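Listed here are the chains, written in short residue letters.
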Amino acid sequence: MKRALLILAAAAAVAGPALADEALAKAKNCMACHAVDKKLVGPAYKDIAKKYAGDAKAADMLATRIQKGGSGVWGAVPMPANPQVSDAEAKKLAAWVLSLK
């Protein structure tokens, strides 16, 4: 029994950060326009990660775009500003998006 609980705890520790960041994306209503692996109104998060893979400035740029919005990068539909997202939350969301493969 203890071994099973230890295995569950280890699995939760590994999956925890990814799930926590997806939970933040849901809480901040990001998932209304984005999905992890398919285009909705905006691009899939995996497509964003692929586009900016290896770009050292991507996390800061995406965090700014999350908060202030943007247009023209992924098509004609602009991304609205999200002033309810704090600087720390925007950085966490950007890091999570860039970690997706």
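Residues numbered from 1 in each chain as written. Predicted model: local features only at pLDDT ≥ 70, side-chain atom pairs only at ≥ 80, totals over all residues. Heavy atoms only, no water.

> In this structure, what is going on with the packing of aromatic side chains? I would like to understand it.
Here a ring pair, both rings aromatic, is described through the centre-centre distance and the interplanar angle of the planes. Considering all chains together, one arrives at 1 aromatic pair under this definition. A ring pair is formed by tyrosine 45 and tryptophan 96, whose centres lie 5.2 Å apart and whose planes are at 65°; its orientation type is edge-to-face. Within this pair, whereas tyrosine 45 is found in helix H2 (residues 45–51), its partner tryptophan 96 is found in helix H4 (residues 87–99), the two being separated by 51 residues in sequence. Considered together, tyrosine 45 and tryptophan 96 belong to a single accessibility category, that of buried residues. Over the face of the ring belonging to tryptophan 74 we find lysine 51, whose NZ or CZ atom lies 4.9 Å from the ring centre. (Phe/Tyr/Trp six-rings, centres within 6.5 Å; stacked < 30°, edge-to-face > 60°. Helix = DSSP H or I, 4+ residues; strand = E, 2+ residues; numbered from the N terminus. Buried < 20%, exposed > 50% of the residue type's maximum accessible area, 1.4 Å probe, protein only. Lys NZ or Arg CZ within 6 Å of the ring centre and 35° of its normal.)

> Can you help me understand the pattern of salt bridges in this one?
In a structure, side chains of opposite charge can pair up when their charged atoms sit close to one another. Within the structure shown, the criterion is met by 3 salt bridges. Between aspartate 21 and lysine 92 there is a salt bridge, with its nearest N and O atoms 3.6 Å apart. Of the two residues, aspartate 21 sits in helix H1 (residues 2–27) while lysine 92 sits in helix H4, which places them 71 residues apart along the sequence. Aspartate 21 gets classed as buried once you look at its relative accessible area, which sits at 10%. You can call lysine 92 partly exposed: its relative accessible area is 41%. For glutamate 89, the salt bridge goes to lysine 28, with nearest N and O atoms at 3.3 Å. Highlighted residues: glutamate 89 in helix H4 and lysine 28 in the loop between H1 and H2, separated in sequence by 61 residues. Classification of lysine 28 by relative accessible area gives buried; the value is 17%. (Salt bridge = Lys/Arg side-chain N within 4 Å of Asp/Glu carboxyl O.)

> I would appreciate a short explanation of the confidence of the model for the chain in the present structure.
Any segment with low pLDDT has predicted coordinates that should not be analysed in fine detail. With 80% of its residues at a pLDDT of 70 or more, the chain shows a mean pLDDT of 86. Within the chain, helix H3 (residues 58–68) carries the highest mean pLDDT (98), whereas H1 carries the lowest (60). The low-confidence segment residues 4–17 (pLDDT under 50) makes 0 contacts with residues lying over four places distant or belonging to another chain. (pLDDT = per-residue confidence, 0-100. Contact = heavy atoms within 4.5 Å.)

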